[in-house]
Amino acid sequence: MFSTTAIGIDLGTANTLVYTKNKGILLNEPSVIAVNTTTNEVIAIGTEAKNMIGKTPANIQAIRPLRDGVIADFDMTTEMIKVIMQKVGKIIGGSIRKPSVIVCTPSGATSVERLAIKDAVKQCGAKEVFLIEEPVAAAIGADLPVSEPIASVIVDIGGGTTEVGIISFGGVVTSNTMKLGGDRMNDEIIHFARKEYSVLIGERTAENIKKEIGYALIQHDKEFMEVRGRDIVTGLPKTITINSEEIQSCLKESLLSILEVIRRTLESCPPELSGDIVDRGVVLTGGGSLLKGMPEWLSDELLVPVILAPSPLESVAIGTGRSLDTMNLLQKLNS
């Protein structure tokens, strides 16, 4: 059985969220850690560390230890989880002693990657660690009837991965994972600014551009945005004006790849469940689903209803935490 303290963690490429049954979302911080490379001392994590990206002296590094939905730097991930556990302990009141933890993992994660996640959390003092596949967690968090014999299609567009899953009877009927998400879109915007305007911009600027004037492949009124960066030729600061159609064009390849992986998953759906998909449609979650016009565009392309989950950014964490009550489901997923 679970210990008295049980928490759910959505260990995401872009953000890490912590959920408990009694208090809901306790923590929502960017998955970034700032370290002094001379002393190996952790300077900051989360929002404070993210604000340091690209702005630190040589001896301080702001690191994103998770890439493409899995651990890229084991030691830094462990340090980040330790600090997160301490923060959660303070919020709850006192330190967390031997909690039971459930962590979501990409459905395409290898056994080695799953073991790395378990080890990282156990090293932070967890009594027992359970893993749940991201599509299942996202579906539970989006209030879909995952335990019933009804097809629930979830598309989770995260920072590092896009997960598409068809859930029925508490398990994944079919799923696909693609290592493409919000981070890739940011990279494409950075590449576009460099190629078209000879200006270097950072990750945070690219993310702001995506949020402000990024559109899925739909008709829209052209929007403009002033962007500051560094001129590649002169090396001096420079301000440029870009428009939403340019950003839409540079994101086209990524968006079509996401569409393709959704189609591929729907095509491998058993015929008996296909009727449910026509009636119930597809539910979008994750930060990438907030790109303007995403539901409308996908609905036009897939010819089924496409809706946003009630809390797209928090669905996975909420579902991870809620599944703490479902011991049978956990044992089935970890058998």
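Residues numbered from 1 in each chain as written. Predicted model: local features only at pLDDT ≥ 70, side-chain atom pairs only at ≥ 80, totals over all residues. Heavy atoms only, no water.

An unreviewed UniProt entry annotates the protein chain as Cell shape-determining protein MreB of Viridibacillus arvi. Per its UniProt entry, the protein chain bears the Subunit (unreviewed entry) comment "Forms polymers." Under the UniProt heading Function (unreviewed entry), the entry covering the protein chain gives this text: "Forms membrane-associated dynamic filaments that are essential for cell shape determination. Acts by regulating cell wall synthesis and cell elongation, and thus cell shape. A feedback loop between cell geometry and MreB localization may maintain elongated cell shape by targeting cell wall growth to regions of negative cell wall curvature." (UniProt positions renumbered as here; feature names shortened; annotations may be inferred.)

Once that is clear, we can look at the domain arrangement of the protein chain. Entries for the protein chain in the domain assignment read domain 1 (6-137 + 315-334), domain 2 (142-180 + 257-308) and domain 3 (182-250). Computed over C-alpha atoms only, the centres of domain 2 and domain 3 are separated by 29 Å. With both chains or domains summed, domain 2 and domain 3 bury close to 1,000 Å², and 65% of this area falls on carbon and sulfur atoms. Sorting the residues of domain 2 by area buried against domain 3 places Leu 291, Lys 292 and Trp 297 first, and these three jointly supply 55% of that buried surface. Inspection of the region where domain 2 meets domain 3 yields 1 salt bridge. For the salt bridge of Glu 223 with Lys 292, the shortest nitrogen-to-oxygen distance reads 3.4 Å. Inspection of the domain 2/domain 3 interface yields 7 residue pairs in polar contact (both at pLDDT 80 or more). Along the lines of polarity and charge, the residues of the side of domain 2 that touches domain 3 split into 5 nonpolar, 4 polar and 2 charged. (Domains from an automatic or database assignment. Buried area = accessible area lost by both parts, 1.4 Å probe. Salt bridge = Lys/Arg side-chain N within 4 Å of Asp/Glu carboxyl O. Polar contact = N/O pair within 3.5 Å; in protein donor to acceptor, adjacent residues only side chain to side chain. Nonpolar A, V, L, I, M, F, W, Y, C, P; charged D, E, K, R; others polar.)

A word on the sheet that holds strand E4 (residues 33-36). In spatial order, the strands read E5-E4-E6; together these 3 strands make up an open sheet with antiparallel pairing. Because the sheet does not close on itself, it has two edges, and the strands there are strand E5 (41-45) and strand E6 (60-63). Strand-to-strand twist across the sheet, computed as the mean angle between neighbouring axes with direction ignored, equals 25°. The pairing of E4 with E5 spans 4 bridges and is antiparallel. Following the sheet pairing, Ala 34 is matched in E5 by Ala 44. (Pairing = 2+ DSSP bridges. Helix = DSSP H or I, 4+ residues; strand = E, 2+ residues; numbered from the N terminus. Axes fitted to C-alpha atoms, helices over the stretch in contact; angles between N-to-C directions.)

The subject of this paragraph is the environment of Leu 200. The residue Leu 200 is located in strand E14 (residues 199-200) in this model. Overall, the relative accessible area of 25% leaves Leu 200 in the partly exposed class. Remark: the alpha-carbon pair of Leu 200 and Ser 152, spanning 48 residues in sequence, is separated by 42 Å. (Buried < 20%, exposed > 50% of the residue type's maximum accessible area, 1.4 Å probe, protein only.)

Glancing now at the state of the cysteines. Taken as a whole and judged by the stated rule, the model has 0 disulfides. Cys 104 supplies the cysteine sulfur nearest to Cys 124, a cysteine that is in no disulfide, at a spacing of 16 Å. In this structure Cys 124 comes out as buried when scored by relative accessible area, which is 17%. (Disulfide = S-S within 2.5 Å.)

Moving on to helix H9 (residues 294-302). Those residues of H9 that sit buried are Met 294, Pro 295, Trp 297, Leu 298 and Leu 302. Projected onto a plane normal to the axis of H9, the buried residues spread over an arc of 165° and lie on a single side. On its buried face, H9 is in contact with strand E11 (152-157), helix H7 (244-267), strand E17 (282-285) and strand E18 (306-308). Where H9 ends, the next residue or the one after it, Leu 303, has phi of about 60°, a positive value. (Arc of directions from axis to C-beta. Contact = heavy atoms within 4.5 Å.)

Attention now goes to the nonpolar core. Of all hydrophobic cores here, the largest spans 44 residues; its most connected members are Ile 201, Ile 209, Ile 262, Met 294 and Leu 298. The dominant element in this core, judged by the number of residues it contributes, is H7, at 9 residues. Inspection of this core shows a minimum of three residues originating in each of domain 2 (142-180 + 257-308) and domain 3 (182-250). If sequence neighbours within four positions are ignored, Ile 201 has contacts with Ile 189, Ile 190, Ala 193, Ala 206, Ile 209, Val 227, Arg 228 and Gly 229. Residues Ile 45, Met 85, Ile 117 and Ala 126 belong to the second largest nonpolar core, which totals 27 residues. (Core = buried A, V, L, I, M, F, W, Y, C linked by side-chain atoms within 4.5 Å.)

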